[in-house]
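# Topology and contacts: notes
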Amino acid sequence: MTEPSGGSSTKPRRPVAVPIVGLVALTAVGITALLGGLNEAADKGPDALGAGATLDQGRYSTRFVESRVKVDKAKTPYDEDKRFVELVFEVTNKGDETSSVGLPPDPAKPDKAWLGMFFANSLVSISPKFPKESGPFVYALNKGDETRQLHPGVTSQVLVRYRLGATERPPDKITLDVATFEYAPGFEDQRLRWQMVSKEEGDKFVPEIKARVTLPVKAGEGA
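Only a predicted model underlies this, so the values are computations on that prediction, with no experimental measurement involved. (Residues numbered from 1 in each chain as written. Predicted model: local features only at pLDDT ≥ 70, side-chain atom pairs only at ≥ 80, totals over all residues. Heavy atoms only, no water.)

Another aspect to go through is the side chain of Gln195. Mapped onto the fold, Gln195 is located in strand 13 (residues 192-196). Within the structure, Gln195 has its side chain in polar contact with the backbone oxygen of Ala184 (distance 3.2 Å). In terms of polar contacts, Gln195 uses its side chain to reach the backbone carbonyl oxygen of Pro185, at 2.7 Å. Non-local contacts of Gln195, meaning those with residues more than four positions away in its chain, are made with Thr180, Phe181, Glu182, Ala184, Pro185 and Gly186. (Helix = DSSP H or I, 4+ residues; strand = E, 2+ residues; numbered from the N terminus. Polar contact = N/O pair within 3.5 Å; in protein donor to acceptor, adjacent residues only side chain to side chain. Contact = heavy atoms within 4.5 Å.)

The next thing to look at is the pairing of strand 3 (residues 60-72). Pairing of strand 2 (residues 54-56) with strand 3 involves 3 bridges; the strand directions are antiparallel. Of the residues in strand 3, the one forming a bridge with Leu55 is Thr62. Count of turn residues in the strand 2/strand 3 antiparallel hairpin: 3 residues, of which Gly58 carries a positive phi of about 85°. Pairing of strand 3 with strand 16 (residues 211-218), which is carried by 2 bridges, proceeds in the parallel orientation. (Pairing = 2+ DSSP bridges.)

This part covers the nonpolar core. Ranked by internal contacts, the top residues of the largest apolar core, which has 31 residues, are Phe89, Val158 and Leu176. Setting aside residues no more than four positions away along its own chain, Phe89 makes contact with Thr62, Arg63, Phe64, Val65, Phe119, Leu123, Ser156, Gln157, Val158, Val160 and Leu176. (Core = buried A, V, L, I, M, F, W, Y, C linked by side-chain atoms within 4.5 Å. Buried < 20%, exposed > 50% of the residue type's maximum accessible area, 1.4 Å probe, protein only.)

A separate point is the pattern of salt bridges. In the structure shown here, the tally under the stated rule is 12 salt bridges. Residues Arg68 and Glu66 are paired through a salt bridge, measuring 2.8 Å at the closest nitrogen-oxygen approach. Here the residues in one salt-bridge network are Glu66, Arg68, Asp72, Glu86, Arg161 and Lys218, joined through shared partners. (Salt bridge = Lys/Arg side-chain N within 4 Å of Asp/Glu carboxyl O.)

This next bit is on the confidence of the model for the chain. Counting all residues, the mean pLDDT for the chain is 83, and 78% of those residues have values of 70 or more. Confidence drops under pLDDT 50 across residues 31-35; counting only partners more than four residues distant or on other chains, this segment forms 0 contacts. (pLDDT = per-residue confidence, 0-100.)

This paragraph deals with the environment of Leu176. By the secondary structure assignment, Leu176 is in strand 11 (residues 173-178). With a relative accessible area of 0%, Leu176 lands in the buried category. Residues Leu176 and Arg212, 36 residues apart in the sequence, show an inter-C-alpha distance of 5.6 Å. Excluding residues within four positions of it along the chain, Leu176 makes contact with Phe64, Leu87, Phe89, Ser125, Ile126, Ala211, Arg212, Val213 and Leu215.

Of all 10 residues making up strand 10 (residues 155-164), 7 are buried, and the element is well covered by its neighbours. One ladder, built from 10 bridges, connects strand 4 (residues 82-93) with strand 10; its direction is antiparallel. Each residue of the ladder has a partner; that of Val85, found in strand 10, is Tyr162. Here 5 bridges tie strand 7 (residues 137-142) to strand 10, and the two strands are oriented antiparallel to one another. Of the residues in strand 10, the one forming a bridge with Tyr139 is Leu159.

Moving on to the packing of aromatic side chains. Applying the stated criterion across every chain yields a total of 8 aromatic pairs. Here Phe84 and Phe137 contribute two aromatic rings whose centre-to-centre distance is 6.3 Å and whose plane-to-plane angle is 85°, an arrangement assigned as edge-to-face. Of this pair, Phe84 sits in strand 4 while Phe137 sits in strand 7, and the two are 53 residues apart along the sequence. Here Phe84 falls in the buried class, since its relative accessible area comes to 6%. Here a set of aromatic residues connected by ring pairs shows up, and it is made of Tyr60, Phe64, Phe89, Phe119 and Phe181. (Phe/Tyr/Trp six-rings, centres within 6.5 Å; stacked < 30°, edge-to-face > 60°.)

Further remarks concern unusual backbone geometry. Cis rather than trans, the peptide bond between Ser127 and Pro128 has omega equal to 5°. Tracing the sequence through the fold places Pro128 in the loop between strand 6 (123-127) and strand 7. Between Gly135 and the following residue, Pro136, the backbone shows a cis peptide bond with an omega angle of 10°. Position of Pro136 among the secondary structure elements: in the loop between strand 6 and strand 7. Residues other than glycine seldom take positive phi values, yet Lys143 does so here, at roughly 55°. Residue placement: Lys143 occurs in the loop between strand 7 and strand 8 (145-147).

Put into structure tokens, the structure is as follows:
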């Protein structure tokens, strides 16, 4: 007899056998894919940025303008021209308080780098490295005047300079490892404050590198 269209049959359906090996294989593939995705997320390195890029650093919004050779002309016949490799940034203080421009961390004290609270402190690594006597010299320009302060809501041009020797060639490019800041309680002092985003490695803290910025060094007069 033909079963009526749309009717339900009382005859039990035969189970479809799925080989256990197939299930195990599918599960293994799924776990591998999941772990692979997690590993990719965990292994994701810093953002790769270049000239003209802007980075939200929490406390600051920073545009990486350029790197260039700048010559300061001698002011008297007894002086000499001075050449610098100059890193140029446009920095906006997004906080509610005036902050210092700061200095890049001392390469001789890498264990102290995570304690920085100001803009230039976030330039965790600058490569190639310059001799200690070369600088850095750091300041901001606000309406043409040099200052070492960044005021809330104001965008200032910040210069980080390294002096070149008389016969020293400038590098072809500068690479920066840049960290960010968060407004959070301190590790011992629970008051909220701006501090560098850091992570624990072994028995020490190190800054988390958010971006790796590569700036070609533009040749200038006397380069």
